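Chains, contacts and geometry: an overview
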Amino acid sequence: MFACLWACSDDDYLNNDAGEVNFFAVPDDATGEEADLRRSFFNETGIYLIFSDTLGVREVPTLSGDVVEVPQILRLEWNMVSGTAVDSFVCHAYTDFQAKQAAADFIRQQVVPNLPATFHPYSFLLLDRLEQFEDPWGSGIFNDPVDITSHSGMQAMAVAIHDIGGMTTEELAELANSLVRELLLSRISVIPDEAWADFYE
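These lines cover the structure that appears in this document, whether it is placed above or below. (Residues numbered from 1 in each chain as written. Predicted model: local features only at pLDDT ≥ 70, side-chain atom pairs only at ≥ 80, totals over all residues. Heavy atoms only, no water.)

Below, the discussion takes up helix H4 (residues 169–186). Given a rise of 1.5 Å per residue, 18 residues ought to cover 26 Å, and the 26 Å separating the end C-alpha atoms of H4 matches this to within 8%. The complete set of buried residues in H4 reads Leu172, Leu175, Ala176, Leu179, Val180 and Leu183. Down the axis of H4, the sector holding all buried residues measures 135°, keeping them to one side. Away from its buried face, by an angle of more than 90 degrees, H4 presents the exposed residues Glu170, Glu174 and Leu185. In the core, the buried residues of H4 are packed alongside helix H3 (97–111), strand S5 (123–127), strand S8 (150–152) and strand S9 (157–160). (Helix = DSSP H or I, 4+ residues; strand = E, 2+ residues; numbered from the N terminus. Expected span 1.5 Å × (residues − 1). Buried < 20%, exposed > 50% of the residue type's maximum accessible area, 1.4 Å probe, protein only. Arc of directions from axis to C-beta. Contact = heavy atoms within 4.5 Å.)

Next comes the structure, spelled out in structure tokens:
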């Protein structure tokens, strides 16, 4: 966003008439193993699959005829919960396709089948590592980063599995249960009020 502001003069305003692009979806003209993996994951689950918090670049024409490139960044810190603490994240992507394939297969086979469709996230962001910086008081001063395994945000469930190939069956099952539990708790608000009637009686 700042890059756009810097790139435009006082009289050079962005023209937002261009059609919306779904940056979570695989572009129609994308080819290769990763594109095929992401398409098959979505076709099977109805959930988008991404491997980077940089979703793409939007080319926005200005009224003067120039074009400004605006990076589309996934903001994991955005959520529906109000509070004092503010989180910031650094995403470390996988560097080889085999790791992406293994992580996607794990989510598809051991996590998604155990989630009611109501609790499905909009997308899964699968990573090698995920660092979290917390600002406990909203002061702009962040604590030292810590590596975390998962974070459920408004637009994505981020999951970081550094060495999925080295995990035992029991460890994978425990991780799957943890992710399902986190997704259920983070989306409990989607349960309609009438479904709670028996619970409160």
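Counted by the stated rule, this structure contains six salt bridges. Where Arg108 meets Asp105, a salt bridge forms, and the shortest distance between an N and an O atom there is 3.3 Å. Of this pair, Arg108 and Asp105 both sit in helix H3, three residues apart, which is roughly one turn of that helix. When its relative accessible area of 13% is taken as the criterion, Arg108 is described as buried. One salt bridge connects Glu131 with Arg129, and the closest N-O pair in it is separated by 3.5 Å. (Salt bridge = Lys/Arg side-chain N within 4 Å of Asp/Glu carboxyl O.)

Right, let's get into helix H2 (residues 33–45). Helix length check: H2 (13 residues) gives 18 Å between terminal C-alpha atoms against 18 Å at 1.5 Å per residue, within 8%. Taken together, the buried positions of H2 are occupied by Ala35, Leu37, Arg38, Phe41 and Thr45. All buried residues of H2 project into a common sector of 165° when viewed along the axis, lining one side. Within H2, the exposed residues directed more than 90 degrees away from the buried face are Glu33, Asn43 and Glu44.

Let us now look at the environment of Pro27. With respect to the secondary-structure elements, Pro27 resides in the loop between helix H1 (2–7) and H2. Here the alpha-carbon distance between Pro27 and Arg39, two residues twelve residues apart in the chain, equals 9.7 Å.

Another point: the nonpolar core. Phe106, Ile107, Val111, Phe124 and Leu126 are the most contacted members of the largest nonpolar core, which totals 28 residues. Residue assignment for this core shows that the elements contributing at least two residues are H2, H3, S5, S9 and H4. With seven residues, the top contributor of residues to this core is H3. Non-local contacts of Leu126, meaning those with residues more than four positions away in its chain, are made with Leu49, Ile50, Phe51, Tyr94, Ala103, Ala104, Ile107 and Val159. In this structure, Phe24, Leu76, Cys91 and Ala156 belong to the second largest nonpolar core, which totals 16 residues. (Core = buried A, V, L, I, M, F, W, Y, C linked by side-chain atoms within 4.5 Å.)

What follows covers the pairing of S5. Most of S5 is tucked away: five of the five residues are buried. Alternating positions in S5 separate into two faces, Ser123, Leu125 and Leu127 on one and Phe124 and Leu126 on the other, with burial throughout. Looking at chain direction, strand S1 (residues 48–50) and S5 are connected through three bridges and run parallel. Within the sheet, the bridge partner assigned to Tyr48 lies in S5 and is Ser123. (Pairing = 2+ DSSP bridges.)

Mapped onto the elements, Gln72 comes out in strand S3 (residues 67–73). A residue is classified by how much of its surface remains accessible, and Gln72, at 18% relative accessible area, is buried. If we skip the residues at most four places from it in the chain, Gln72 touches Phe23, Asp53, Thr54, Leu55, Gly56 and Arg58.

Another aspect to go through is the sheet that holds S9. In space, the four strands of this open sheet follow the order S1-S5-S9-S8, with mixed pairing throughout. Whereas interior strands pair on both sides, the edge strands pair on one side only; in this sheet they are S1 and S8. Put simply, the sheet's adjacent strands are angled 15° from each other on average, direction ignored. Bridge count for S5 against S9 is four bridges, and the pairing is parallel. Bridge assignment links Phe124 to a residue of S9, and that residue is Met157. Here H2 sits on the sheet in contact with S1 and S5, set at roughly 150° to S1. (Axes fitted to C-alpha atoms, helices over the stretch in contact; angles between N-to-C directions.)

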